[in-house]
Amino acid sequence: MATREFDVVIFGATGFTGQLVAEYYLRTYGAPSSSFNWTIAGRNQKKLQEIKKDLGINKNLPEAKDIKTLVANSNDSASLEAIAKNTKVVVTTVGPYMKYGSKLVAACAAKGTHYADLTGEVPWIKDMIAANEEKAKASGARILHCCGFDSVPSDLGTHVMYNALVKRGLTPTEIKFIVGPSKGGVSGGTVHSLAGVLQSGRLRDMGNPYLLLSGGKKGGRGGGVTVKEPMGVGWDRDVQRWNAPFVMAGINTRVVVRSSYLMDRLPFEYTETMSFPKGVGGFLSACALTLGLALVVTCLLIPPIRWLVLKMLPPGSGPGEEMRKTGFALIYVVGKGVDKAGKEVVLKGSVRIAGDPGYQETAKMLAETGMALAKDEVDAAPGFLTPASALGDKLVTRLKKRDLVVEVEGE
């Protein structure tokens, strides 16, 4: 990559999550410098200056005054290309991406600029791959979608567990990602993204676990992952908890499948669920969640109710600082494989998140993805990748240093 002024540009820094990414960089890596030159971008210069002022005064980060600002509009290709050609990496928080993200992806793919976002809009990802992958490969750009709570924990949890099974001489047969105790705020942006996909009429695409594979079909060694999508409540003997459907499984499973395809993994079965403690209370909670998810999707399909929900949860809204600090998530990762004698072996691991998963820790995941793309020696070929296939252990190590731990017991 030719010499560029910036290492990372945060596009969408005036939004809720974009501000958190900027604050994270300031607190973790300091003001922009020759060793890590980063900056913020958005469509409104006045708001960008207000963000700098807020970081300096209200967040007690006076060094925010040294951050440069760049102005660009999601609908203006020329302004986006001007940013893309002057930075190594763009991390963007501007969603819904189906509405605001396509031209930025195209600019980065054309200019050889690495890219990371927080989208969960899988049909849109499919469209971006179809439209821009050849350009990205030719320019040297690595394009990474789903670099927040959806889908970094799932992708890296599977990556670490799969490698642990293989390292022990086992043939992987099953990996389960089971969300345990957790606390976090509701994301207005996520709700708007879900509503946008539902409105697009692409329900068939949303229901296809293999949408991000060539031809949208399961097949081949790396594309041989079998996704199980439980629709009801069940008991999991491995973690001794009640399972219910996980709202983000429809995103995460697609990313895990694409990682396995890109990394040429052996076939295995993959499942994601939300879990609750054993006992009557846990069972009833699992039932309530299952019914609640069905109700939310139904509401978002009905225009008047959808309008009201989106009005109550505008994009860019999020939890207060206290919720962000006290939030957490413990995720159980269970891996199964067979040894040469045909005996099944079970490994257990976890993803431990200390902070609100959907905001504080999502900002951390996106920020560290940007850092890894800008500063680490990345061997992955250019194109449309995933967090695991592009960064793998490098991102695992970076996040562990920042108290987001992905590990297998005994490793």
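The notes below deal with the structure included here. (Residues numbered from 1 in each chain as written. Predicted model: local features only at pLDDT ≥ 70, side-chain atom pairs only at ≥ 80, totals over all residues. Heavy atoms only, no water.)

Overview of the packing of aromatic side chains
Per the counting criterion, the structure on display carries 10 aromatic pairs. On the numbers, 5.4 Å between centres and 50° between planes, the contact of Tyr-25 with Trp-38 is tilted. You can see Tyr-25 sitting in helix H1 (residues 16-29) and its partner Trp-38 sitting in strand S2 (residues 38-42), a full 13 residues away along the chain. Both residues of the pair, Tyr-25 and Trp-38, belong to the buried class. On the basis of an interplanar angle of 65° and a centroid distance of 5.1 Å, the ring pair of Trp-235 and Trp-242 is categorised as edge-to-face. Within the aromatic cluster, the residues linked to one another by ring pairs are Tyr-24, Tyr-25, Tyr-29, Phe-36 and Trp-38. (Phe/Tyr/Trp six-rings, centres within 6.5 Å; stacked < 30°, edge-to-face > 60°. Helix = DSSP H or I, 4+ residues; strand = E, 2+ residues; numbered from the N terminus. Buried < 20%, exposed > 50% of the residue type's maximum accessible area, 1.4 Å probe, protein only.)

Section: a nonpolar patch on the surface
A contiguous nonpolar surface patch, about 370 Å² in accessible area, is contributed by Leu-203, Val-297, Leu-301, Ile-302 and Ile-305. Here Ile-305 lies in helix H12 (residues 303-312). Judged by relative accessible area, which is 34%, Ile-305 ranks as partly exposed. (Patch = residues over 30% accessible without salt bridge, like charges linked within 9 Å, V, L, I, M, F, W, Y side chains within 5 Å. Areas by Shrake-Rupley, 256 points an atom, 1.4 Å probe, with all protein chains shown as cover. Salt bridge = Lys/Arg side-chain N within 4 Å of Asp/Glu carboxyl O.)

Remarks on the pairing of strand S1 (residues 6-11)
By the criterion of burial, S1 is predominantly enclosed, with six of the six residues buried. Pairing of S1 with S2, which is carried by four bridges, proceeds in the parallel orientation. Within S2, the position partnered with Val-9 by the bridge is Thr-39. (Pairing = 2+ DSSP bridges.)

Some thoughts on the nonpolar core
Counting residues in each nonpolar core, the largest one holds 109 residues, and the members touching the most others are Ile-10, Tyr-25 and Trp-38. When sequence neighbours within four positions are dropped, the list of residues in contact with Trp-38 reads Phe-6, Val-8, Ile-10, Ala-22, Tyr-25, Leu-26, Gly-30, Ala-31, Pro-32 and Ile-67. (Core = buried A, V, L, I, M, F, W, Y, C linked by side-chain atoms within 4.5 Å. Contact = heavy atoms within 4.5 Å.)

Quick look at unusual backbone geometry
Here the residue pair Gly-95 and Pro-96 is connected by a cis peptide bond, since its omega of -5° sits within 30 degrees of zero. With respect to the element layout, Pro-96 can be found in the loop between strand S4 (87-92) and helix H4 (97-100). The amide bond that connects Asp-150 to the next residue, Ser-151, takes the cis arrangement and shows omega of 20°. Mapped onto the secondary structure, Ser-151 falls in the loop between strand S6 (142-144) and helix H7 (152-167). The backbone phi angle of Asp-403 is positive, close to 70°, even though this residue is not glycine. In this structure, Asp-403 sits in the loop between helix H16 (392-401) and strand S15 (404-408).

A look at helix H5 (residues 102-111)
Every α-helix winds through 3.6 residues per turn, so residues three or four apart in the chain are directed the same way. The complete set of buried residues in H5 reads Leu-104, Val-105, Ala-107, Cys-108 and Ala-109. Trailing H5 by a residue or two, Gly-112 shows a phi angle of about 70°, which is positive.

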